[in-house]
Amino acid sequence: MKLKRIISTVLIFSFVFNLLSFVSLAEEDELKIKYDEQIYSYSKFPAIHIDGQPMKEGAMPPIITPAGRTIVPVREFFETIGGDVQWNGETKEVYILSGNNFIVLKIDDYIAYVNGMAVEMDETAKLVANMNDPSNTKTMVPLRFILEALDYGVVWDHDSYTILATKNQDNSDETTDNQDNTNEEDNTNNEDNTNDDNDPEPIEGLPTPLAKNPIAFTNAEDIPDVADGEKEIPYKKYDDTDITGFAFIEEQGGFKFIVSASSAISGIETTIWNNKLIIDIANANKEFDEETVLLEDNPYFEAVRSSQYSKDPLATRIVLDMKYDDINYSLKLTDDRTDMILTVSRNYIYDIELAQDQFGDYVDITGTELPVLDIFWLANPTRLVIDVPYSDSAFLYEESDAEGQYVKNVRTSKFNDDTTRIVLELNGNAEFSVSELDDDTVRVRLVPPTYKNINYQYTSNPTIVISKQVPGIDIDAFIINDDYLNKRAVITIPSTNLEAVYGYGTININDDDVKQVNLSSDQTGYQVEIITKAIKGYTITEDDNSIYINILDPQSVYEKIVVVDAGHGGSDPGKPAGEGNYAEMNEKEANLDISLKLETLLTYHKDIKVYMTRVEDTYPTLQERCELANEVGADLFISVHNNAFFSSYNGTETLYYDTGSGITKAFATIMQETTYSQVGTDNRGLRYRDDLYVLKHTKMPAVIVEVAYMTSPIDGPRLKEESFIDNAAVGIYNGIIESLEMLESKGLLN
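Just so it is clear, the structure is predicted and the values come from calculations on it, not from any experiment.

Digging into the packing of aromatic side chains
Piece 1. Applying the stated rule across the entire model yields 18 aromatic pairs.
Piece 2. Ring geometry for Y42 and F45: centres 5.9 Å apart, planes at 20°, overall stacked.
Piece 3. Centroid distance F646 to Y649: 6.1 Å. Interplanar angle 50°. Geometry classified as tilted.
Piece 4. Residue classification places F646 among the exposed residues on the basis of a relative accessible area of 52%.
Piece 5. Of the aromatic side chains, those joined through ring pairs into one cluster are F246, F248, F257 and F288.

Pasting the structure below:
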């Protein structure tokens, strides 16, 4: 569709000229609005009339930005003119379906897509918050762009401060004013002569037979009762009571969580916050030992924690860590009020309908409560898998072939005791959006992808396949930024204008290895961002037709892998600066300084991949440090520390734990020798330690190098010297290189 530039420069100047008439920063009765990380005060707002009808009012009025651009709440605008608006929270994209137009806007992005065509806007879509109610955030879109895309003409009425928008008429068949000169033979009602050049383009491939023949799996019999009771117990004053314990009881359709007291419970309040169900019991002492209990087999909760939340007023708090962000529960007390019973009900899925409208294929899923979905892709063949966790299904197994735009088969079954599964088998690339229809139904809609000539495949390993559409792309020039601590990598193709060839957007995958792939471009080139579920390595290969970004386990990519752990960090300073610390810094700072220099030295070796457990002042847990090393299949693990004890102690020592092979002790011996000799400290030798977590829970030879004593008047001041930090890094580096050679000579490298 060709976009008509209707709003004139005069109109834009008018908006800018009048900006000062409605933006002010001092009046107390103004509405304070936040967007673009700034707070603005508004006392006047433009009115919008579309085809003579006022735009529907909502929680946020239309506003004019400091650049003189009008932005409007997208949902209210399209509720006025008709259309479907969907929001993709993961990609921050708005999908707009109006008539035969499919529009995609991304928050803070100047490029929009209208029926697959990229269009540059002069204002972006924004998330706008009412500062009187910060939770009330609305998606606002540029009015000028929307009106142009939908072929509206605009008039600005300054006196009434109103924008008047009117749909342009199709004049493609317009005749002359002189009816006598009309050629009747050329003015027949034959539809073949109709000029549709300016008509909106339909969505490709619609309609299909699915539009007239929807597929429904329905079984509304024997719908169980659901937990629809109280979420709190009203307060009634009783004497203080003792909470003596809790228990879980599984039952068909859900389970009960029972909290017992020694006497009547006065009252209970519950709150869901940050995936936690918080239960506060009034006038209650905590009289049982358990503080935290992990729940390995519970389908709803990961752990239960308890505490004496308050002494005045007296209250016991119990926190259930939820596995999902929404759980249907109710509370009640026994007649004597000595037991609280929290009942959790599974969602019961009893209606699944696959259908198609003018916007494409969709599946509606209905249960006894709003389904919470876990959606992922499977390849070969392409399948969209929709899981409804903690649910029961009315269907043992149902399946039907379909003739949709994308869907060629739909099936559902009870995947396991707690999960209902719906599988859509597709005949092409598509993306999806999720929207709530009402309190018990959620819709998954398949939408055309905004990317092209790129796809995701999984044969022997996950692979992103880029079709060679542009000559001269050199894979040797690709830049790989491996943000492994966040399980993320960005591959940049340093070429311009590739977005026109490959598009943009998100490939949602969510298989065992990859969560999603984000496609975008900036001044550096075209970017392929890969978000994985575990740390991965990447290789880039090609053939005559395609470029392949291979997503592999690190051991398959790198010859040698070393993990460097800068001890302590974040909330754990190690030996704190202060009295008795001659280094006059927190230990975590010295550890990180040495580790970062060590990382730089190791990166000069192309056959060594170095992974850091931290690169800034953060605190990964001891478990997380070990998990990283084990996950990447490291050959060596080195934790860098500095010691603290009596001021008479000084020098370097290396800690190790050897199960009997002698390899780790040999590794520790090398590290000790190269480190103390390089930094010039006293040689305190090796120390066998079987009580240190990172030494016992790593699967490869692991040591802790205690470089120097911060509490020593000899060693401590040297830790402030750049040359000492450099020498410490060099000494540890020399030990790593020698140790890798030792492992290689013994045939022990992965």
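Overview of helix α6 (residues 587–602)
Piece 1. Taking 1.5 Å as the rise per residue, α6 with 16 residues should run 22 Å; its terminal C-alpha atoms sit 23 Å apart, in good agreement.
Piece 2. Those residues of α6 lying buried are E587, K588, A590, N591, L592, I594, S595, L598, E599 and L602.
Piece 3. On its buried face, α6 is in contact with β46 (560–566), β47 (608–612), β48 (636–643), β51 (702–709) and α10 (722–745).

Considerations on the packing of helix α8 (residues 663–679) against α10
To describe two helices that pack against each other, one gives the angle between their axes and the distance between the axes.
Piece 1. With their axes 8 Å apart at the nearest point, α8 and α10 run at an angle of 150° to one another. The orientation of α8 with respect to α10, classified from their angle, is roughly antiparallel. The two elements α8 and α10 cross, and the hand of that crossing is right-handed.
Piece 2. In terms of residue class, the contact of α8 with α10 is made up of 13 nonpolar, 8 polar and 1 charged.

Considerations on the sheet that holds strand β24 (residues 314–322)
Piece 1. Read across the sheet, 5 strands follow the order β19-β20-β24-β23-β22 without closing on themselves; strand pairing throughout is antiparallel. Edge positions in the sheet fall to β19 (268–273) and β22 (292–294), since each of these pairs with one other strand and no more. Across this sheet, the average inter-strand angle for adjacent strands is 15°, counted without regard to direction.
Piece 2. Two elements, strand β20 (residues 276–282) and β24, share 7 bridges in a ladder whose sense is antiparallel. Pairing of A282 across the sheet is with A315, part of β24.

Focus on the side chain of N650
Piece 1. Here N650 shows up in the loop between β48 and β49 (652–656).
Piece 2. At a separation of 2.8 Å, a polar atom in the side chain of N650 contacts the side chain of D682.
Piece 3. With near-sequence residues (within four places) excluded, N650 lies in contact with D682, R684, Y709, S712, I714 and D715.

Notes on the pairing of strand β23 (residues 301–311)
Consecutive side chains of a regular strand alternate in pointing toward one face of the sheet and then the other.
Piece 1. By the bridge criterion, 3 bridges tie β22 to β23 in an arrangement that is antiparallel. The partner of V293 across the bridge, within β23, is V304.
Piece 2. If you look at the hairpin formed by β22 and β23, you'll find 6 residues sitting between the two strands.
Piece 3. For β23 and β24, the ladder comprises 8 bridges, and the chain directions are antiparallel. Bridge pairing in β24 places S310 opposite A315.
Piece 4. Counting the residues that bridge the hairpin from β23 to β24 gives 2 residues.

A look at the pattern of salt bridges
Piece 1. Counted according to the given criterion, the structure contains 29 salt bridges.
Piece 2. Residue D513 pairs with K536 through a salt bridge whose shortest N-O separation is 2.9 Å. Taken together, the residues D513 in the loop between β41 (505–508) and β42 (514–522) and K536 in the loop between β43 (525–532) and β44 (537–542) connect sequence positions 23 residues apart. The same class applies to D513 as to K536, namely buried.
Piece 3. Among the ionic contacts, a cluster of salt bridges with common partners joins D36, E123 and K126.

With respect to the environment of D51
Piece 1. By the secondary structure assignment, D51 is in the loop between β3 (47–50) and β4 (53–54).
Piece 2. What makes D51 partly exposed here is its relative accessible area of 45%.
Piece 3. Every residue in contact with D51, bar those within four places of it in the chain, is listed here: Y152, A165, T166 and K167.

A word on the side chain of T65
Piece 1. Counting through the fold element by element, T65 comes out in the loop between β5 (63–64) and β6 (70–73).
Piece 2. A polar contact of 3.2 Å, which involves the side chain of T65, links it to the side chain of E123.

A look at the nonpolar core
Piece 1. Grouped together as the largest cluster of nonpolar side chains are 57 residues, with contacts concentrated most on I638, V707, I732 and I736.
Piece 2. Per-element accounting of this core gives the leading share, 11 residues, to α10.
Piece 3. Setting aside chain neighbours within four positions, we find I736 in contact with V562, L598, L602, L636, I638 and M671.
Piece 4. In this structure, V72, I107, M121 and A165 belong to the second largest nonpolar core, which totals 32 residues.

Let's talk about the confidence of the model for the chain
If pLDDT is low for a region, its predicted coordinates should not be looked at in detail.
Piece 1. Looking at the chain, the pLDDT average stands at 85 and 89% of residues meet or exceed 70.
Piece 2. Scored below 50 in pLDDT, residues 1–28 makes 58 contacts in the model with residues more than four places away or belonging to other chains.
Piece 3. Overall, residues 171–201 carries pLDDT values under 50, and its contacts beyond four positions in sequence, including any with other chains, amount to 16 contacts.

A closer look at the environment of K167
Piece 1. Counting through the fold element by element, K167 comes out in strand β15 (residues 162–167).
Piece 2. Sequence-wise, K167 and G153 are 14 residues apart; in three dimensions their C-alpha atoms are separated by 6.2 Å.
Piece 3. With sequence-adjacent residues up to four places away left out, K167 is seen in contact with D51, L150, D151 and Y152.
Piece 4. There is a polar contact of 2.4 Å between the side chain of K167 and the backbone oxygen of L150.

What about the packing of α6 against α10?
Piece 1. Their axes nearest at 8 Å, the elements α6 and α10 cross at an angle of 50°. In terms of orientation, α6 lies oblique with respect to α10. Considering how the two elements wind past one another, α6 and α10 form a crossing that is right-handed. Residues D593, I594, K597, L598, L601 and L602 of α6 touch α10, and the partners they reach there are E722, I725, D726, A728, A729, V730, I732, Y733 and I736.
Piece 2. Split into classes, the residues belonging to the contact of α6 with α10 amount to 11 nonpolar, no polar and 4 charged.

Brief notes about the sheet that holds strand β9 (residues 101–106)
Piece 1. Pairing within the open sheet is antiparallel, and its 5 strands lie in the order β7-β8-β9-β10-β11. Bordering the open sheet on either side are β7 (84–88) and β11 (117–120), each of which pairs with just one other strand. Here the average twist between neighbouring strands, direction ignored, is 20°.
Piece 2. Two elements, β7 and strand β8 (residues 93–98), share 5 bridges in a ladder whose sense is antiparallel. Bridging across to β8, D84 finds its partner in L97.

Some points on a nonpolar patch on the surface
Piece 1. Together, Y619, L622 and Y693 give the surface a local cluster of nonpolar side chains, amounting to about 250 Å² of exposed area.
Piece 2. Here Y619 is to be found in the loop between β47 and α7 (622–632).
Piece 3. With relative accessibility at 34%, the residue Y619 sits in the partly exposed group.

Definitions and limits used
- Residues numbered from 1 in each chain as written.
- Predicted model: local features only at pLDDT ≥ 70, side-chain atom pairs only at ≥ 80, totals over all residues.
- Heavy atoms only, no water.
- Phe/Tyr/Trp six-rings, centres within 6.5 Å; stacked < 30°, edge-to-face > 60°.
- Buried < 20%, exposed > 50% of the residue type's maximum accessible area, 1.4 Å probe, protein only.
- Helix = DSSP H or I, 4+ residues; strand = E, 2+ residues; numbered from the N terminus.
- Expected span 1.5 Å × (residues − 1).
- Contact = heavy atoms within 4.5 Å.
- Axes fitted to C-alpha atoms, helices over the stretch in contact; angles between N-to-C directions.
- Parallel < 35°, antiparallel > 145°, perpendicular 65-115°, else oblique.
- Left-handed = near helix turned anticlockwise from the far one by under 90°.
- Nonpolar A, V, L, I, M, F, W, Y, C, P; charged D, E, K, R; others polar.
- Pairing = 2+ DSSP bridges.
- Polar contact = N/O pair within 3.5 Å; in protein donor to acceptor, adjacent residues only side chain to side chain.
- Salt bridge = Lys/Arg side-chain N within 4 Å of Asp/Glu carboxyl O.
- Core = buried A, V, L, I, M, F, W, Y, C linked by side-chain atoms within 4.5 Å.
- pLDDT = per-residue confidence, 0-100.
- Patch = residues over 30% accessible without salt bridge, like charges linked within 9 Å, V, L, I, M, F, W, Y side chains within 5 Å.
- Areas by Shrake-Rupley, 256 points an atom, 1.4 Å probe, with all protein chains shown as cover.

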